[in-house]
Amino acid sequence: MDRIPVYFMPGLAASSSIFERIALDESVFEICLLEWEIPHKKESLSDYALRITKKIKHENPVLIGVSFGGILVQEMSRHIKARKVIIISSVRCNAEFPRRMKIGKTTKAYKLIPMKLLLNIENLAKFSFGEKINKRIKLYEKFLAMRDLNYLQWAVESVILWDRCEIDESVVHIHGDQDEIFPIKYIKKCIVVKGGTHIMILNKYKWLNENLPSIILEK
């Protein structure tokens, strides 16, 4: 029997090493890791998603994305047929954004974010993973790979201006009830992971390893 190809997309500025603790049965699943690339000048999120789909070497893959990667895999699924789309610690439409992000879009306050300061690893870690990571900065040095100013400006604007207004019910959403980036009170419907924060891909990997196979295989 052919194995099921499962493509993983990391979160904003993160490398695929965030998936190093994810272990699926290799006789059933073939894990493939995707990485962020530098966006082209004025490249739309849709065009960027199309470009990343060129990295996919299998037909009808499972797409799994974390945080901003969850937004990206949903855009990728507009360009290719996917067996299933699963997002972790992310949102299925812009209505699920927290209030501060909606205000940021209206006021264009996101343009005032000092991106150059984010290139500092501690600031980037807080921005990408949340405030409660001060004791783990060394750990995040290995997970935050994309420290490019053009990428950060593009990524933040792409999230804030994401134009998907309605939820795609076919997208499976896994979310922690302690997520500080996308608070669960704004999330409409999801598989809830108790105690899961925005970085649960790292610290709730046991739950994911136990449950992802059945979620992927569920019809």
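Above this text you will find the structure in question.
Residues numbered from 1 in each chain as written. Predicted model: local features only at pLDDT ≥ 70, side-chain atom pairs only at ≥ 80, totals over all residues. Heavy atoms only, no water.

Chemist: How should the overall build of the protein be read in this particular structure?
Modeler: Counting secondary structure elements, the protein contains 9 helices and 6 strands. Along the longest, intermediate and shortest principal axes, the C-alpha atoms of the protein span 50 × 35 × 30 Å. Residues classed as buried in the protein amount to 52% of the 219 residues present. Relative to all contacts within the protein whose residues are 6 or more apart in sequence, the contacts with residues 24 or more apart total 65%. Counting every atom, the protein has about 11,100 Å² of accessible surface; 51% of that belongs to carbon and sulfur. (Helix = DSSP H or I, 4+ residues; strand = E, 2+ residues; numbered from the N terminus. Buried < 20%, exposed > 50% of the residue type's maximum accessible area, 1.4 Å probe, protein only. Contact = heavy atoms within 4.5 Å. Areas by Shrake-Rupley, 256 points an atom, 1.4 Å probe, with all protein chains shown as cover.)

Chemist: Mind showing me how you'd approach the packing of aromatic side chains here?
Modeler: The geometry of an aromatic ring pair is captured by the separation of the ring centres together with the interplanar angle, meaning the angle of the planes. The final tally for this structure, using the stated rule, is 8 aromatic pairs. Ring geometry for Phe8 versus Phe19: centroids 4.9 Å apart, planes at 50 degrees, classification tilted. Placement of Phe8 in strand β1 (residues 4–9) and of Phe19 in the loop between β1 and β2 (29–33) is noted, with a sequence separation of 11 residues between them. Relative accessible area serves as the criterion here: at 0%, Phe8 is assigned to the buried category. Cluster of aromatic residues (ring-pair linked, three or more members): Trp36, Tyr48, Phe68, Tyr151 and Trp154. (Phe/Tyr/Trp six-rings, centres within 6.5 Å; stacked < 30°, edge-to-face > 60°.)

Chemist: Even after reading the chapter, I still don't get the pattern of salt bridges, so can you show me in this structure?
Modeler: Think of it this way: side chains of opposite charge can pair up when their charged atoms draw near. Taken as a whole and assessed by the stated rule, the structure comprises 7 salt bridges. Arg3 is paired through a salt bridge with Glu30; the nearest N and O atoms lie 3.7 Å apart. With Arg3 in the segment before β1 and Glu30 in strand β2, the pair connects residues that are 27 residues apart, well separated along the chain. For Arg3, a relative accessible area of 38% translates into the label partly exposed. For Glu169, the salt bridge is made with Arg92, and the minimal N-O distance between the two is 3.9 Å. Residue Glu169 is found in the loop between α7 (149–160) and β5 (172–176), and its partner Arg92 is found in the loop between β4 (84–88) and α3 (99–107); the two are separated by 77 residues along the sequence. Salt bridges sharing partners connect three or more residues here, namely Glu37, Glu43, Arg51 and Lys55. (Salt bridge = Lys/Arg side-chain N within 4 Å of Asp/Glu carboxyl O.)

Chemist: Sorry if this is basic, but what is going on with a positive patch on the surface here?
Modeler: Judged by side-chain charge, Arg99, Lys102, Lys185 and Lys188 come together as a positively charged surface patch. For Arg99, the position within the fold is in helix α3. (Patch = residues over 30% accessible without salt bridge, like charges linked within 9 Å, V, L, I, M, F, W, Y side chains within 5 Å. Lys, Arg positive; Asp, Glu negative; His and termini not counted. Charge placed at Lys NZ, Arg CZ, Asp CG, Glu CD.)

Chemist: What exactly am I supposed to notice about α7 here?
Modeler: The α-helix advances 3.6 residues per turn, and as a result positions three or four apart in sequence lie on the same side. Along its 12 residues, α7 runs 17 Å from first to last C-alpha, staying within 8% of the 16 Å computed at 1.5 Å per residue. Buried residues of α7: Tyr151, Leu152, Trp154, Ala155, Val156, Ser158, Val159 and Ile160, and no others. (Expected span 1.5 Å × (residues − 1).)

Chemist: Got a minute to help me understand the nonpolar core in this structure?
Modeler: Proteins that are soluble and globular tend to have nonpolar side chains buried together. With 71 residues, the main nonpolar core has Phe68 and Tyr151 as its most contacted residues. It is α7 that contributes the most residues to this core, 7 residues altogether. Excluding its chain neighbours within four sequence positions, the residues that come into contact with Phe68 are Gly11, Leu12, Trp36, Leu45, Tyr151, Trp154, Ala155, Ser158 and Val159. (Core = buried A, V, L, I, M, F, W, Y, C linked by side-chain atoms within 4.5 Å.)

Chemist: Got a minute to help me understand the packing of helix α1 (residues 45–53) against helix α2 (residues 68–76) in this structure?
Modeler: Between two packed helices, the angle of one axis relative to the other and the distance separating the axes together describe the packing. In contact at an axis separation of 8 Å, α1 and α2 are set at 80 degrees when each is read in the N-to-C sense. One finds that α1 runs roughly perpendicular with respect to α2. Contacts from Leu45, Ser46, Tyr48, Ala49, Ile52 and Thr53 of α1 reach α2 at Phe68, Ile71, Leu72, Glu75 and Met76. Along the lines of polarity and charge, the residues of the contact of α1 with α2 split into 8 nonpolar, 2 polar and 1 charged. (Axes fitted to C-alpha atoms, helices over the stretch in contact; angles between N-to-C directions. Parallel < 35°, antiparallel > 145°, perpendicular 65-115°, else oblique. Nonpolar A, V, L, I, M, F, W, Y, C, P; charged D, E, K, R; others polar.)

Chemist: Where do I start with the sheet that holds β1 in this structure?
Modeler: Strands pair in a sheet through their backbones, by hydrogen bonds, and they do so in one of two ways: parallel or antiparallel. Taken together, 6 strands build an open sheet; the order of strands is β2-β1-β3-β4-β5-β6 and the sheet is parallel. One side of each edge strand has no neighbouring strand; the edge strands of this open sheet are β2 and β6 (191–193). Ignoring strand direction, the axes of neighbouring strands in this sheet form an average angle of 20 degrees. With 4 bridges connecting them, β1 and strand β3 (residues 62–66) associate as parallel partners. If you follow Tyr7 over to β3, its bridge partner there is Leu63. Packed on one face of the sheet, α2 meets β1, β3 and β4 and runs near 150 degrees to β3. (Pairing = 2+ DSSP bridges.)

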